[in-house]
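Residue-level listing of the chains:
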Amino acid sequence: MPTYEYFCPTCNQAVTLQMPMSQHDRGEAACPQCGGHELRPQVGTFFAKTSRKS
Ligand SMILES: [Zn+2]
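Participant: An account of the sheet that holds strand E1 (residues 3-8) is requested, with residue identities and associated values reported.
Facilitator: The antiparallel open sheet is built from 3 strands, whose spatial order is E2-E1-E3. Whereas interior strands pair on both sides, the edge strands pair on one side only; in this sheet they are strand E2 (13-18) and strand E3 (40-41). Note that E1 and E2 share 6 bridges and pair antiparallel. Bridged to Thr-3 within E2 is Gln-18.

Take a look at the structure:
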């Protein structure tokens, strides 16, 4: 199962979550500490690879 890194503005800290890719695509990630859905995906190598694709 892939691991995703997010930043939670409520907790003001980065959180790491494991979830199926399908769940991530639906934006169902929730902060494990506050349960909030305001998580912002951290820009990492996983996303950097696809950002320039035409
Ligand atoms: Zn939080």
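Participant: Help me get a handle on the coordination of the zinc ion, residues and values and all.
Facilitator: Each donor-metal-donor angle in an ideal tetrahedron of four donors is 109.5 degrees, and each such angle in an ideal octahedron of six donors is either 90 or 180 degrees. Distances from the zinc ion to its protein donors, namely Cys-8 (SG), Cys-11 (SG), Cys-31 (SG) and Cys-34 (SG), fall within the range 2.3 Å. Each of the 4 donor atoms around the zinc ion contributes to a set of angles spanning 106 to 112 degrees, which defines the coordination as tetrahedral. The sequence motif formed by the donor residues of the zinc ion is C-x2-C-x19-C-x2-C. Taking the relative accessible area as the measure of exposure, Cys-31 reaches 3% and is therefore buried.

Participant: Describe the nonpolar core, and please don't skip the residues or the numbers.
Facilitator: Counting 9 residues, the largest nonpolar core is built from Tyr-4, Tyr-6, Cys-8, Val-15, Leu-17, Met-19, Ala-29, Cys-31 and Leu-39. Broken down by secondary-structure element, the contributors of at least two residues to this core are E1 and E2. Considering each element in turn, this core owes the most residues, 3 residues, to E1. Filtering out sequence-adjacent residues up to four positions away, Ala-29 remains in contact with Tyr-6, Leu-17, Met-19, Gly-36, His-37 and Leu-39.

Participant: Just give me the short version of the confidence of the model for the protein chain, but keep the residues and values in it.
Facilitator: Here the protein chain shows a mean pLDDT of 83. Residues at 70 or above account for 78%. Across the protein chain, the secondary-structure element scoring lowest on mean pLDDT is helix H2 (residues 45-48), at 50, and the one scoring highest is E2, at 92.

So, how was this worked out
- Residues numbered from 1 in each chain as written.
- Predicted model: local features only at pLDDT ≥ 70, side-chain atom pairs only at ≥ 80, totals over all residues.
- Heavy atoms only, no water.
- Pairing = 2+ DSSP bridges.
- Helix = DSSP H or I, 4+ residues; strand = E, 2+ residues; numbered from the N terminus.
- Donors = N, O, S within 2.8 Å, 3.2 Å for Na, K, Ca; no water.
- Tetrahedral: all angles 85-135°; square planar, octahedral: opposite > 155°, others 65-115°.
- Buried < 20%, exposed > 50% of the residue type's maximum accessible area, 1.4 Å probe, protein only.
- Core = buried A, V, L, I, M, F, W, Y, C linked by side-chain atoms within 4.5 Å.
- Contact = heavy atoms within 4.5 Å.
- pLDDT = per-residue confidence, 0-100.

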